[in-house]
There are 4 protein chains.
Amino acid sequence: MKKYQEQVNKWFEEKGWGYWEPLAITARLFEECGEFAREVNHIYGPKKKKLEEKKKDIEDEMGDIIYTLICFANSHGIDLGEAVQKSIDKVADRDKDRYKK
Amino acid sequence: MKKYQEQVNKWFEEKGWGYWEPLAITARLFEECGEFAREVNHIYGPKKKKLEEKKKDIEDEMGDIIYTLICFANSHGIDLGEAVQKSIDKVADRDKDRYKK
Amino acid sequence: MKKYQEQVNKWFEEKGWGYWEPLAITARLFEECGEFAREVNHIYGPKKKKLEEKKKDIEDEMGDIIYTLICFANSHGIDLGEAVQKSIDKVADRDKDRYKK
Amino acid sequence: MKKYQEQVNKWFEEKGWGYWEPLAITARLFEECGEFAREVNHIYGPKKKKLEEKKKDIEDEMGDIIYTLICFANSHGIDLGEAVQKSIDKVADRDKDRYKK
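Only a predicted model underlies this, so the values are computations on that prediction, with no experimental measurement involved.

Q: If you had to explain the overall build of chain A to someone new, which residues and values would you point to?
A: When helices and strands are counted, chain A shows 4 helices and 0 strands. Counting helices and strands in the order they occur from the N terminus, chain A gives α-α-α-α. For a compact globule of 101 residues, the expected C-alpha radius of gyration is about 13 Å, and chain A comes in at 17 Å, more than 25% above that figure. Viewed in the frame of its principal axes, chain A has a C-alpha envelope of about 45 × 45 × 25 Å. Here chain A, with 101 residues, has 55% of them falling under the buried criterion. Long-range contacts, defined here as pairs at least 24 residues apart, represent 63% of the contacts in chain A between residues at least 6 apart. Summed over its atoms, the accessible surface of chain A is roughly 4,900 Å², and 49% of this surface lies on carbon and sulfur atoms.

See the structure below:
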């Protein structure tokens, strides 16, 4: 994850670009997730296209979502690798507690 | 609101159409809201197009969102007019309480 | 639809409130739709709660979504009733074309 | 990215868990993004809390979004690292073309 964040950061710096304002990145996240949802619906919703036909589109949309998150994270000094590790640990912890009881 | 719900219901009945399954309608809602967010970003995000240029697109997306909600509501026997009235009353109540304290 | 829009408008005027800025309302729309998606998942996702148990929550979330759209529409002079009528007509037109061909 | 995907995969296998169905994961993505949007609005919307106060919450929500994407990716044999690299390259390419013209 760090690798991708640094790549984007370095490149924005070279270009002298600034990240969008946070609410605009959030709206973009909404847009990218909406495009992902459309592709999912093409396969699993009423259209029932073949997964193989749409898999590349799904991959593209997932990449775009993570790219959008990277822009937000970079403009806020957030380490996404750490963030996802914490989320994984949280689900694991919740599971452990379930079995303790 | 009732008027639009009945219109859609009548028309699906005439056509012999069924509503999509609920999770597919939810994914569609995501898609439609994402298109709305894109238009909002075109005006208020970094692109700064003129509102007048994009207003029709914004209107179209809002209509599509409500149409999607109508499909969900109709397939679940939900009265959207009642639902929105309750939401308005809730905000009003919350406001009243603020002044009481 | 007009009835709800006017009610909210009148009430914001009386209170001297302004509507949030458009990107903030869009983020709120995301939040409200996310809460709706959670309720849908409670019934149709892996949790499989009974519809009757969650129907009130689903209704509440749908009302909140429309209330959020009303705030955006009112601050942009958009008639939501007109917008949804256009969306319904669009789907109807698309259907007509299908049969013509 | 691969590291996190493998960790989740291994752990679901050990537990004998299956991933949710794709439309249910999509609804969950909607929910998690909605929670992220709420936190962004707390800082940059009308509430104006301090970033430092909410930064941990923002991080948590971003982690949850990526965790949700990992679940979808793993159940579809998608390499998220590759996907995000392609998205970064796409933006870079688009930029290059702009300067060529």
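Q: Residue-level account of the interface of chain C and chain D, with values.
A: In this complex, chain C contributes 15 residues to the contact, which on the side of chain D involves 15 residues. Roughly 1,300 Å² is buried in total at the junction of chain C and chain D, and carbon and sulfur atoms are behind 67% of that figure. When the buried surface of chain C facing chain D is broken down by residue, Phe30, Glu31 and Asn41 of chain C rank first, second and third, together holding 35% of it. Scanning the region where chain C abuts chain D turns up 0 salt bridges. At the junction of chain C and chain D, the tally comes to 2 residue pairs in polar contact (both at pLDDT 80 or more). Tallied by class, residues from the side of chain C that touches chain D come to 8 nonpolar, 3 polar and 4 charged.

Q: Quick one: what's the story with the interface of chain A and chain D, residue by residue and with numbers?
A: Residue-level contacts link 53 residues of chain A with 53 residues of chain D. Buried area between chain A and chain D, summed over both chains or domains, comes out near 4,700 Å², and the portion from carbon and sulfur atoms is 72%. Inspection of the chain A/chain D interface yields 6 salt bridges. In this structure, aspartate 60 of chain A engages lysine 86 of chain D in a salt bridge whose closest nitrogen and oxygen atoms are separated by 3.1 Å. At the level of secondary structure, the elements contributing two or more residues to the side of chain A that touches chain D comprise helix H1 (2-15), helix H2 (22-44), helix H3 (51-74) and helix H4 (80-100) of chain A. At 16 residues, the largest contribution of residues to the side of chain A that touches chain D is made by H3 of chain A. The class makeup of the residues in the side of chain A that touches chain D is 31 nonpolar, 10 polar and 12 charged.

Definitions and limits used
- Residues numbered from 1 in each chain as written.
- Chains lettered and ligands numbered in written order.
- Predicted model: local features only at pLDDT ≥ 70, side-chain atom pairs only at ≥ 80, totals over all residues.
- Heavy atoms only, no water.
- Helix = DSSP H or I, 4+ residues; strand = E, 2+ residues; numbered from the N terminus.
- Rg over C-alpha atoms; globule rule 2.2 N^0.38 Å.
- Buried < 20%, exposed > 50% of the residue type's maximum accessible area, 1.4 Å probe, protein only.
- Contact = heavy atoms within 4.5 Å.
- Areas by Shrake-Rupley, 256 points an atom, 1.4 Å probe, with all protein chains shown as cover.
- Buried area = accessible area lost by both parts, 1.4 Å probe.
- Salt bridge = Lys/Arg side-chain N within 4 Å of Asp/Glu carboxyl O.
- Polar contact = N/O pair within 3.5 Å; in protein donor to acceptor, adjacent residues only side chain to side chain.
- Nonpolar A, V, L, I, M, F, W, Y, C, P; charged D, E, K, R; others polar.

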